[in-house]
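Descriptive structure summary
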Amino acid sequence: MDPLSEVNLATFQDLQQAMGDDYIEEMVDAFCQDASSLIAGLKQAQQDADPLTFSRHAHSLKSTSLTFGALAFADLARELEHLGKAGCLDEVTAQVAQLDAACSALFARLKALCHE
Amino acid sequence: MNESPQYRLLVVDDDRLNRMVMGRYLESEGHSVAYAVNGREAIQQLQAGQFDLVLLDIEMPEMNGYQVLEEIRQVPAWRDIPVIVTTALEELESVVRCIENGAEDYLTKPVNRVLLKARIDASLEKKRLRDQQTAFLHQLEQEMELARKTQLSILPEILPNPPGFEFGALMIPARAVGGDFYEFIELGESRWGLVIGDVSDKGLPAALFMTLTYSLVRAQAESGKSPPGVLREVNRHLLGMNALNMFVTMLYGILDCNTGVFTYARAGHLVPSIFDGHGAPVSLPINLGQPIGLFDAFEIDTAAIQLPPNGLLVLSSDGLTEPVNLNNQQFGEAGMQAVVQSSRQLPAQEICQRLWQAVQDHSGPIEQQDDFTLVVVKHTG
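The following paragraphs examine the structure supplied in this document. Computed from a predicted model, the values in this text were never measured in an experiment.

A closer look at unusual backbone geometry
- Put simply, Lys109(B) and Pro110(B) share a cis peptide bond, and its omega is 0°.
- As for its placement among the helices and strands, Pro110(B) is situated in the loop between β5 (105–109) and α5 (113–154).
- Although it is not a glycine, Ala49(A) adopts a positive phi angle of roughly 50°.
- You can see Ala49(A) is positioned in the loop between α2 (21–47) and α3 (51–68).

Quick look at the sheet that holds strand β6 (residues 165–172) of chain B
Residue and element names in this part refer to chain B.
- An order of β6-β15-β14-β11-β12 is seen for the 5 strands of this open sheet, with the pairing classed as antiparallel. The sheet terminates laterally at β6 and β12 (281–282), the two strands that pair on one side only.
- As judged from the 8 bridges shared by β6 and strand β15 (residues 372–379), these two strands associate in the antiparallel manner. Bridging across to β15, Glu-166 finds its partner in Lys-378.
- Strands β6 and β15 of the sheet are contacted by helix α10 (residues 348–363), whose axis makes an angle of about 30° with β6.

Side note on the interface of chain B and chain A
- Counting residues at the interface gives 15 residues for chain B, matched by 14 residues for chain A.
- Counting residues per element, the side of chain B that touches chain A draws most heavily on helix α1 (residues 16–28) of chain B, at 7 residues.
- Looking at side-chain class alone, the side of chain B that touches chain A contains 7 nonpolar, 1 polar and 7 charged residues.

Side note on the sheet that holds strand β1 (residues 8–12) of chain B
Residue and element names in this part refer to chain B.
- In space, the 5 strands of this open sheet follow the order β2-β1-β3-β4-β5, with parallel pairing throughout. One side of each edge strand has no neighbouring strand; the edge strands of this open sheet are β2 (32–36) and β5. Each strand axis lies, on average, 20° off the axis of its neighbour in the sheet, ignoring direction.
- Here 5 bridges tie strand β4 (residues 83–88) to β5, and the two strands are oriented parallel to one another. Bridging across to β5, Ile-84 finds its partner in Asp-105.
- Sheet strands touched by helix α2 (residues 39–48): β1 and β2. Its angle to β2, the strand with the most contacts, is close to 140°.

Conventions and cut-offs
Residues numbered from 1 in each chain as written. Chains lettered and ligands numbered in written order. Predicted model: local features only at pLDDT ≥ 70, side-chain atom pairs only at ≥ 80, totals over all residues. Helix = DSSP H or I, 4+ residues; strand = E, 2+ residues; numbered from the N terminus. Pairing = 2+ DSSP bridges. Contact = placed C-beta atoms within 7 Å. Axes fitted to C-alpha atoms, helices over the stretch in contact; angles between N-to-C directions. Nonpolar A, V, L, I, M, F, W, Y, C, P; charged D, E, K, R; others polar.

See the structure below:
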């Protein structure tokens, strides 16, 4: 399994218990939509050479993935946030691609966990 | 069942998931939650409704958390709303900046349910106590204002205007209410009773004692007693109802407007000041006089004086002569005499105002310590 799609079980289960089964599903759906938009936003911001927007999208990606316990995914998003803040958008292509590639597996893992 | 009171909270965060998580936690605690996705929307929500607490993300598009916090702290209606900032763990520098700018507390994201509840409960409890204190102070201010108006309404609204005499009077309490008073009582046959008194202490207890004393003096004076007779009767009554051991210095005199003679009794109060037609002070006989409310048998100073033509009679409390300046020098008799000398041609009421202004000028930045009370009578006949 791609480490980027790994989810810390304790974090997820705590959240599931607090939110309830139906609501956690709603949240996972929301995350899947938002994360996809944010990754598209990262690519666009890189293309536009807009480090502020880039770091803001990376910040959101980090924050929301942490909520579910997607720690490695969040770490990479944090790295991108810092690179964006430093204005180093020419060094981010590979990491953005990594996040993008990890999304489907992460989404699937989260959806599966909702029913475990 | 959750029985904690419901509060209305505003969650400001540009991330939908953060809003969902915090909203769910807060609603499960019984709170009513509204949401804003950026700073601008937060301000619109605050303008549209009342909130008990704001959970504020720092990094947001359009208007960030710092700007929202600054605006909240500048608007008087929002100033007391507690703001808890929410931020990533590695952004503690931002938290410090927010706390310095008036944030109540902070939480790191992802938000922990237990910490969220603890911080919100603590902030709301502080707000509840602050609100209670503000409401109590407001109520107290309203009651003091009513007391002030009630006390001022006791003072004569219209000054006597007998032929050959002109009256002026002024009372400026050091606090909302004071312990000084004055009164003019028409006794018939062109005679006027003049009273000035000063209750020990200041503030509300002194004001209540003053009101009691005032009623007693008025009742005794209207019964036609002599000045010492009035003071002795007031003393007798006060001794029976003086649980706080307060006392009052007082001067009661009768001005006969036909003869210009002022016959007075003085119970520990300041000696009246008399000025001749040229503004020079006239010396008076002084005997022992003790305040009212302390002893069964007490000494009263009595005298009868003829007001000189174009002369002045000044009755005052110690708020006229005792105020000090930055060098700790009192305004004193000399200060009073100088003002009277220079303004004696003015109407009596204007002389009162000049004396008050001179006391204020003398005191400068030093706050008024004593009630200022003054009665001026000009013998124009």
